[in-house]
Amino acid sequence: MTDLVPVSATPAPVQQGGGFSSTRTPPLLSRRAKAAIVVRLLLNEGADIPLEELPEDLQAHLTKAMGSMRVVDRDTLQLVAAEFAEEVERIGLSLPGSMAGALDALDGKISAQTAARLRKEAGVKRGGDPWQRIREMGPDTLLPVLEEEAVEIAAVMLSKLDVTKAAQLLGLLPGPRARQITYAVSQTGAVTPEAVERIGLSLATQMEAQPLRAFDNGPVERVGAILNSSTSTTRDEMLAGLEETDEGFATAVRKAIFTFENIPTRIEPRDVPRILRNVEQDDLIMAFAGAPAMGLDTSVEFVLTNMSARMADQMREEVEEAGTPKPADVETAMGNVVKAIRDMEASGNLMLITQEEEE
């Protein structure tokens, strides 16, 4: 197929002396030139075109074609735009056209195991921005990279993460290592975009090459989450049993658990007002009303002390009016309060004090 094609099958009228008395043959333009005209027209109209998603060679061809052109007359522009619109209207559905494109399009829609198997069979790697994929990874995957990679590589990765996740990972690192990486971040000003992209591709490939796990979280996190949602009686019995079987695992699970009892020791006083905005008032009153019978007065006083005096007085009155609720209702209310706190932590809106800091 020749690269030079007419703009349209219909000759363009040429104005002469105030009337359209003749026609001219449409100019021969390459497909790249027509693409450059359409892109320039759309950009002039304020369209946001994700050209960075095109393969690099196509981005280069488009840029060179646009750079080689100067002025396009109005008739040619109208013909190119009309041809482009006609082509678009004829398209009923656009499919990826390749296994790599299909896998990218179905990312997150099919299971990770199926996607990994198909990529391996087809010999294709994941496309798209590697740093976006890295940002979506959890702390358990990212932390080993910060611990084992060169300080300079770790500094680049930390700089590309969102602030909340970067702060969380720094808090999980040993002090000396965290300080080394933090200082190295100050030395990344001269790193080129190409180097950052190569680092991202290398890290993403390395981390995605790890065997897929059947569970998203480790055993400690899974058991901790289960016990968090259990009643206090069940939780205490299970922890006692774990300590007899595996004291180390039981200790790790205790650190992963956050209950109503942990509020005074694992929440910063300044965070209490923000937490209260995410907790239902009825749950708070029910939990406070039943706390004394469970020996959890300290948690109640911690929250009341760190809210406004007016709100605290009002809360005390409502708790007194509530009387003595049923233990099951109290457990449910406390569970809802804890869930609200856990949800804030999971979304990055709250940092809980770690057991090590507490100790």
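Note that the coordinates shown come from a computational prediction; the quantities given were computed from them, not determined experimentally.

K.L.:
Would you mind showing me how to read the overall build of the protein here?
P.N.:
The secondary structure content of the protein amounts to 21 helices and four strands. When each of the 359 residues of the protein is scored for burial, the buried share is 29%. Look at the contacts in the protein between residues 6 or more apart in sequence, and 70% of them connect residues 24 or more apart. About 22800 Å² of surface is accessible on the protein, with carbon and sulfur atoms providing 54% of the total.

K.L.:
Just checking my understanding: could you explain helix α7 (residues 139–148) for this structure?
P.N.:
Spacing of three or four residues puts side chains on the same side of an α-helix, whose turn is 3.6 residues. Here α7 has its buried residues at L142, L143, V145 and L146. Each buried residue of α7 sits inside an arc of 160 degrees when the element is viewed along its axis, so together they form one side.

K.L.:
When you look at helix α1 (residues 31–44) in this model, what are you seeing that I'm missing?
P.N.:
Its 14 residues place the ends of α1 20 Å apart at the C-alpha level, agreeing with the 20 Å of an ideal helix rising 1.5 Å per residue. For α1, the full list of buried residues reads A33, K34, A36, I37, V38 and V39. Positive backbone phi, at 85 degrees, marks G46, one or two positions downstream of α1.

K.L.:
What am I meant to see in the packing of helix α12 (residues 219–228) against helix α13 (residues 232–245) here?
P.N.:
Geometry of a packed helix pair, given as the angle between the helix axes and the separation of the axes. Running from amino to carboxyl end, α12 crosses α13 at an angle of 150 degrees, the nearest separation of the two axes being 9 Å. What the angle tells us is that α12 and α13 run roughly antiparallel. In this structure, the crossing between α12 and α13 has a hand that is left-handed. Of the residues in α13, those touching α12 at V223, L227 and N228 are R235, M238, L239 and L242.

K.L.:
Would you explain empty space enclosed by the protein in this entry?
P.N.:
To find leftover empty space, one rolls a probe the size of a water molecule over the atoms. Taken as a whole, this structure holds one cavity of 30 Å³ or more when the rule is applied. Of the volumes computed, that of the largest cavity is approximately 70 Å³. Residue assignment for the lining of the largest cavity shows that the elements contributing at least two residues are α16 (272–276), α17 (281–290) and α20 (327–346). Per-element accounting of the lining of the largest cavity gives the leading share, three residues, to α16.

K.L.:
Please clarify how the pattern of salt bridges should be interpreted in this entry.
P.N.:
Oppositely charged side chains can form a pair if their charged atoms are brought close together. In this structure the tally under the stated criterion is ten salt bridges. Where R270 meets E268, a salt bridge forms, and the shortest distance between an N and an O atom there is 3.9 Å. Here R270 falls in the exposed class, since its relative accessible area comes to 63%. The closest approach of N and O atoms between R342 and E345, which form a salt bridge, is 2.9 Å. Here R342 pairs with E345, and both are found in helix α20, just three residues apart, close to one helical turn. In this structure R342 comes out as partly exposed when scored by relative accessible area, which is 22%.

K.L.:
Looking at this structure, I do not really get the confidence of the model for the protein. What am I missing?
P.N.:
Low-confidence regions, as indicated by low pLDDT, have predicted coordinates that should not be scrutinised in detail. Here the protein averages 81 in pLDDT, and 81% of its residues register 70 or above. The low-confidence segment residues 8–23, where pLDDT is below 50, has 23 contacts with residues more than four positions distant or belonging to other chains.

K.L.:
Any chance you could explain the environment of K64 here in plain terms?
P.N.:
Following the sequence through the fold, K64 ends up in helix α2 (residues 56–67). When its relative accessible area of 61% is taken as the criterion, K64 is described as exposed. Each C-alpha atom of the pair K64 and A36 lies 8.9 Å from the other, and the pair is 28 residues apart in sequence.

K.L.:
Help me out: how do you make sense of the nonpolar core in this one?
P.N.:
Note that soluble globular proteins tend to have their nonpolar side chains buried in a common cluster. Within the largest apolar cluster, 33 residues are counted, with the highest numbers of intra-cluster contacts made by F260, I263, I267, F288, V303, V337 and I341. At the level of secondary structure, the elements contributing two or more residues to this core comprise α16, α17, α18 (297–305), α19 (309–322) and α20. Among the elements that line this core, the one with the most residues is α20, at eight residues. Among all residues touching F288, those that are not within four sequence positions of it are F260, V300, V303, L304, M315 and V319. Counting residues in hydrophobic clusters, the runner-up holds 24 residues, among them W131, L142, A154 and A166.

K.L.:
Would you mind going over a nonpolar patch on the surface with me for this structure?
P.N.:
Together, L42, F84 and V88 line one region of the surface with nonpolar side chains, adding up to about 230 Å² of accessible area. Along the polypeptide, F84 turns up in helix α3 (residues 74–90).

K.L.:
Would you take a moment to explain the environment of T332 for this structure?
P.N.:
Within the secondary structure, T332 sits in helix α20. You can call T332 partly exposed: its relative accessible area is 47%. Sequence separation between T332 and M286 is 46 residues; the distance between their C-alpha atoms is 9.0 Å. Looking at T332, its side chain comes within polar contact range of the main-chain oxygen of A328, at 3.0 Å.

The rules behind the values
Residues numbered from 1 in each chain as written. Predicted model: local features only at pLDDT ≥ 70, side-chain atom pairs only at ≥ 80, totals over all residues. Heavy atoms only, no water. Helix = DSSP H or I, 4+ residues; strand = E, 2+ residues; numbered from the N terminus. Buried < 20%, exposed > 50% of the residue type's maximum accessible area, 1.4 Å probe, protein only. Contact = heavy atoms within 4.5 Å. Areas by Shrake-Rupley, 256 points an atom, 1.4 Å probe, with all protein chains shown as cover. Arc of directions from axis to C-beta. Expected span 1.5 Å × (residues − 1). Axes fitted to C-alpha atoms, helices over the stretch in contact; angles between N-to-C directions. Parallel < 35°, antiparallel > 145°, perpendicular 65-115°, else oblique. Left-handed = near helix turned anticlockwise from the far one by under 90°. 1 Å grid on protein atoms, 1.4 Å probe; cavity = no way out; pocket = protein on both sides within 12 Å on 5 of 7 lines; lining within 4 Å. Points joined across faces, edges and corners; volume = space filled by probe spheres on them. Salt bridge = Lys/Arg side-chain N within 4 Å of Asp/Glu carboxyl O. pLDDT = per-residue confidence, 0-100. Core = buried A, V, L, I, M, F, W, Y, C linked by side-chain atoms within 4.5 Å. Patch = residues over 30% accessible without salt bridge, like charges linked within 9 Å, V, L, I, M, F, W, Y side chains within 5 Å. Polar contact = N/O pair within 3.5 Å; in protein donor to acceptor, adjacent residues only side chain to side chain.

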